[in-house]
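Remarks on the overall topology
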Amino acid sequence: MRRTRTAPSAIEVVFVRHIDPVARNIARLRSAFGRFATGVTVVTFDGADKRHGMTANSFSSVSVDPPLVVVNVDRKSHAHDALAGRPFVVNVLGAEQNDLALHFAGRPNCEPQWIEGDVAPRLARTLAYFECTPWAAYDGGDHTMYLGRVTNFNYRDGDALGFSNSRFTVIPETSLGQEFLI
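Residues numbered from 1 in each chain as written. Predicted model: local features only at pLDDT ≥ 70, side-chain atom pairs only at ≥ 80, totals over all residues. Heavy atoms only, no water.

**Notes on the pairing of strand β3 (residues 51–56)**
Operational definition: Partly exposed describes any residue whose relative accessible area lies between the buried limit of under 20% and the exposed limit of over 50%, with all areas from a 1.4 Å probe on protein chains only and scaled to the type maximum. Each helix is a run of H or I in the DSSP string that is no shorter than four residues. Each strand is a run of E no shorter than two, and both are numbered from the N terminus. One requirement defines pairing of two strands: DSSP has to find at least two bridges between them.
Side-chain alternation along β3 places His-52, Met-54 and Ala-56 on a buried face and Arg-51, Gly-53 and Thr-55 on a face that remains uncovered. The hairpin formed by strand β2 (residues 41–46) and β3 contains four residues between the paired strands.

**Quick look at the sheet that holds strand β4 (residues 59–64)**
Short version of the rule: Throughout, an axis means a line fitted to C-alpha atoms (over the contacting stretch in the case of helices), and angles, computed between N-to-C directions, take values from 0 to 180 degrees.
Taken in spatial order, the seven strands of this open sheet run β3-β2-β6-β9-β10-β5-β4, and their pairing is antiparallel. Both outer strands of the open sheet, β3 and β4, are each paired with one neighbouring strand and no more. Neighbour-to-neighbour, the strand axes of the sheet open up by a mean angle of 30°, direction not taken into account. Of the pairings in the sheet, the one linking β2 to strand β6 (residues 88–92) comprises four bridges and is antiparallel in character. If you follow Val-42 over to β6, its bridge partner there is Asn-91.

**What about the confidence of the model for the chain?**
Inclusion rule: A score between 0 and 100, pLDDT records how confident the predictor is in each residue.
Overall, the prediction assigns the chain a mean pLDDT of 87, with 84% of residues at 70 or greater. Mean pLDDT in the chain bottoms out at helix α1 (residues 26–33), which sits at 80, and peaks at β6, which reaches 98.

**Some points on the pairing of strand β11 (residues 160–164)**
Burial of β11 is extensive: four of the five residues sit out of reach of the surface. Judged from the two bridges that link them, strand β1 (residues 38–39) and β11 form a sheet pairing that is antiparallel. Across the sheet, Gly-39 pairs through a bridge with Gly-162, a residue of β11. Taken together, the five bridges between β11 and strand β12 (residues 167–171) define a ladder with antiparallel strand orientation. Paired with Leu-161 across the strands is Val-170, a residue of β12. From the end of β11 to the start of β12, which pair antiparallel, there are two residues, and Asn-165 there has a positive phi angle of about 55°.

**Topic: the side chain of Gln-97**
Our working rule: Here a polar contact means two N or O atoms within 3.5 Å. Within protein one must be a hydrogen donor candidate and the other an acceptor candidate, and residues neighboring in sequence count only if both atoms are side-chain atoms. Here a residue-residue contact requires only that any non-hydrogen atoms of the pair lie within 4.5 Å.
Tracing the backbone through its elements, the reader meets Gln-97 in the loop between β6 and α3 (98–103). When its relative accessible area of 8% is taken as the criterion, Gln-97 is described as buried. Of the polar contacts made by the side chain of Gln-97, one reaches the backbone oxygen of Arg-125; its length is 3.0 Å. Setting aside residues no more than four positions away along its own chain, Gln-97 makes contact with Val-92, Ala-124, Arg-125, Thr-126, Leu-127, Arg-156 and Leu-161.

**Comments concerning the pattern of salt bridges**
The condition that has to hold: Every case where a carboxyl oxygen of Asp or Glu lies within 4 Å of a side-chain nitrogen of Lys or Arg is listed as a salt bridge.
Evaluated as defined, the whole model comprises five salt bridges. Notably, a salt bridge pairs Arg-51 with Glu-116, separated by 2.9 Å at the nearest N-O pair. You can see Arg-51 sitting in strand β3 and its partner Glu-116 sitting in strand β7 (residues 114–116), a full 65 residues away along the chain. Looking at Arg-51, the relative accessible area reads 29%, which means it is partly exposed. Between Glu-96 and Arg-156 there is a salt bridge, and its shortest N-O distance comes to 2.7 Å. With a gap of 60 residues between them, Glu-96 in the loop between β6 and α3 and Arg-156 in the loop between β10 (143–155) and β11 connect regions that are remote in the sequence.

**Brief notes about the packing of aromatic side chains**
What counts is decided by this rule: Whether two aromatic rings pair depends on their centres lying within 6.5 Å, for rings of Phe, Tyr and Trp, where Trp uses its six-membered ring; planes under 30 degrees apart make the pair stacked, over 60 edge-to-face, and the rest tilted.
Going through the model one piece at a time under the given rule, you end up with three aromatic pairs. Ring geometry for Phe-59 versus Phe-130: centroids 5.9 Å apart, planes at 35°, classification tilted. Of this pair, Phe-59 sits in strand β4 while Phe-130 sits in strand β9 (residues 128–140), and the two are 71 residues apart along the sequence. A ring pair is formed by Phe-104 and Trp-114, whose centres lie 5.9 Å apart and whose planes are at 80°; its orientation type is edge-to-face.

Okay, here's the thing in C-alpha cells:
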C-alpha cells in the first residue's frame, strides 16, 4: 500500500520547536567565556546606606575622547541596583591582591584600606584606578552595562592579577607599553 501525502491546507499550521543549542548548555558557555583571560577589578562606590565593593572581571575601556569605561554587573548581584546612577571607582588589582578580590566576591578575609577619592571611595595600593561619574546604563541581558566617564585615574608599575579558567593567575608586566614608544 502506497501512502501519499497531501500538502497542508491554508488553515493547517505546522509548529517546529527550535531548541537553542547554546541556551541548552549554559555551564559550557560560561566555561568557554572563561577561556578569555581578563584582569581583575573591584568596583567601589558609596550606596544610600553603606560603602560597597564588588569584584568584577567584566570591565573594559570604551573611549578615550570622551574617556569612558564599562563595567558589566549581573542583575542578581547585591550591588546591581545600588550602583545605578552613582559615581564609582574601578580598582585594577595587582597580582598580590587576590585576597581583596576574594573579599569583595563574598568571601571576607581581610580588612580593605580605603582612600577617599574625588567622586567615590577607592582601595589603597591598587595597580590602577579609574574614578568615574555615571554616563549611561544599557540592558545587557542578565547584566547591566554601566558606562562611566573617567574623571581621575592613576597607575603604578607591577604585575596584574588575572583571571582565567575559573582561577587567579598573574599577568606579568614585561615591558613598557606602546604608549611610551610614540
